Amino acid sequence: MASLEIARLGNPLLRQLSEPVDLNCLADPNSEIQTFIEDMVETMKVEGGVGLAAPQVSRSIQIVILEYEDNERYPGHPEIPLTVLINPVITHYSEETAEGWESCLSLIDFRGLVPRSTKVVVEAYDRQGDQLHIEAEGFMAVVLQHEIDHLNGKVFIDRMTDMTKLSYLKEFDKYWAEEKVVDV
Ligand code: NI
């Protein structure tokens, strides 16, 4: 496994629609795409993210990974087991929204208050190419919306409705630190 370089805002790949993965490429466990998924997992762990989308490591293809283990830094969020989503699509967004502080490995040092649907439904495939149907709420729903946005060339600041709530990390710690953060 190798840790990959994170593409930061300004890299045009972060602003492109990514291509669907050919599901036939998933069958061989030694295929290039499976090695790439392993590298994404390694990179997410090294960088300390809750999620990672392939465009964030400069591959414009529709792969998202998520994993969250409860820790002291962000106590209280429910754990998310390691999840690999191929060609994910959000098929339903709840009308109800809630605001939460988000950050992003591609916008390192920034945090922003983002309104998100509290529930989503996602259709995707797993890394073996089997169909997945996910109904998520709360923290998991936010992470899914953030990561799948990356596949559509969107980053969290595009979803903000109040840009006065965009903050450098240092200032966040000083003025907003009591609020919960989703580090994705
Ligand atoms: Ni992100």
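Residues numbered from 1 in each chain as written. Predicted model: local features only at pLDDT ≥ 70, side-chain atom pairs only at ≥ 80, totals over all residues. Heavy atoms only, no water.

### Quick word on the pattern of salt bridges
Next up, step 1: Overall, the coordinates contain eight salt bridges when judged by the stated rule.
Next up, step 2: As a salt-bridge pair, Lys45 and Glu67 come within 2.7 Å of each other at their nearest N and O atoms. Placement of the pair is Lys45 in helix H1 (residues 32–47) and Glu67 in strand S2 (residues 63–68), with a sequence separation of 22 residues.
Next up, step 3: Residue class for Lys45 comes out partly exposed when judged on its relative accessible area of 49%. (Salt bridge = Lys/Arg side-chain N within 4 Å of Asp/Glu carboxyl O. Helix = DSSP H or I, 4+ residues; strand = E, 2+ residues; numbered from the N terminus. Buried < 20%, exposed > 50% of the residue type's maximum accessible area, 1.4 Å probe, protein only.)

### Focus: the side chain of Ser18
Next up, step 1: Within the secondary structure, Ser18 is located in the segment before H1.
Next up, step 2: Not counting residues up to four positions away in its chain, the partners in contact with Ser18 are Pro55, Ser60, Ile61, Gln62 and Leu151. (Contact = heavy atoms within 4.5 Å.)

### What to know about the sheet that holds strand S3 (residues 80–93)
Next up, step 1: Spatially, the five strands line up as an open sheet ordered S1-S2-S3-S6-S7, and their pairing is antiparallel. The open sheet has two edge strands with one neighbour each: strand S1 (51–53) and strand S7 (131–137). Averaged over all neighbouring strand pairs, the angle between strand axes comes to 40°, with direction disregarded.
Next up, step 2: Where S1 lies against S2, three bridges are found, and the strand directions are antiparallel. Among the inter-strand pairings, Leu52 is bridged to a residue of S2, identified as Ile65.
Next up, step 3: With respect to the sheet, H1 is in contact with S1, S2 and S3, its orientation differing from that of S2 by roughly 40°.
Next up, step 4: Across the sheet, helix H2 (residues 138–151) lies against S1, S2, S3, strand S6 (119–125) and S7, angled at about 75° from S3, the strand it touches most. (Pairing = 2+ DSSP bridges. Axes fitted to C-alpha atoms, helices over the stretch in contact; angles between N-to-C directions.)

### Section: the pairing of S7
Put simply, side chains in a regular strand alternate between the two faces of the sheet.
Next up, step 1: In terms of strand pairing, S6 meets S7 through seven bridges, oriented antiparallel. Bridging from a neighbouring strand, Lys119 pairs with Glu137 of S7.
Next up, step 2: If you look at the hairpin formed by S6 and S7, you'll find five residues sitting between the two strands, and Gly129 has a positive phi there, around 90°.

### So, the pairing of S2
Next up, step 1: Extensive coverage of S2 is indicated by the burial of six of its six residues.
Next up, step 2: The alternating pattern of S2 places Ile63, Ile65 and Glu67 on one face and Val64, Leu66 and Tyr68 on the opposite face, and all of these are buried.
Next up, step 3: Here S2 runs beside S3; their pairing, made up of five bridges, is antiparallel. Paired with Ile65 across the bridge in S3 is Val84.

### Thoughts on the coordination of the nickel ion
Next up, step 1: Listed as protein donors to the nickel ion are Cys104 (SG), His146 (NE2) and His150 (NE2); their distances from the metal cover 2.1 to 2.2 Å.
Next up, step 2: The sequence pattern formed by the donor residues of the nickel ion is C-x41-H-x3-H. A residue pair is termed long-range when its members are at least 10 positions apart, and Cys104 in the loop between strand S4 (97–103) and strand S5 (110–117) and His150 in helix H2 qualify at 46 residues. Accessibility classification places Cys104 together with His150 in one group, the buried group. (Donors = N, O, S within 2.8 Å, 3.2 Å for Na, K, Ca; no water.)

### Examining the packing of aromatic side chains
Next up, step 1: One pass over the structure, following the stated rule, counts four aromatic pairs.
Next up, step 2: For the pair Trp101 and Phe172, a centre-to-centre distance of 5.0 Å together with 70° between the ring planes defines the contact as edge-to-face. Residue Trp101 is located in strand S4, and its partner Phe172 is located in helix H4 (residues 169–175); the two are separated by 71 residues in the primary sequence.
Next up, step 3: Assessed through its relative accessible area of 1%, Trp101 is described here as buried.
Next up, step 4: We classify Phe172 as buried; its relative accessible area is 1%.
Next up, step 5: In textbook terms, an aromatic cluster arises when at least three aromatic residues are bridged by ring pairs, as seen for Trp101, Phe172 and Trp176.
Next up, step 6: A cation over an aromatic ring shows up here: Arg59 above the ring of Phe36, its NZ or CZ 4.5 Å from the ring centre.
Next up, step 7: Above the ring of Phe172, the side-chain terminus of Arg111 is found at 5.1 Å from the ring centroid. (Phe/Tyr/Trp six-rings, centres within 6.5 Å; stacked < 30°, edge-to-face > 60°. Lys NZ or Arg CZ within 6 Å of the ring centre and 35° of its normal.)

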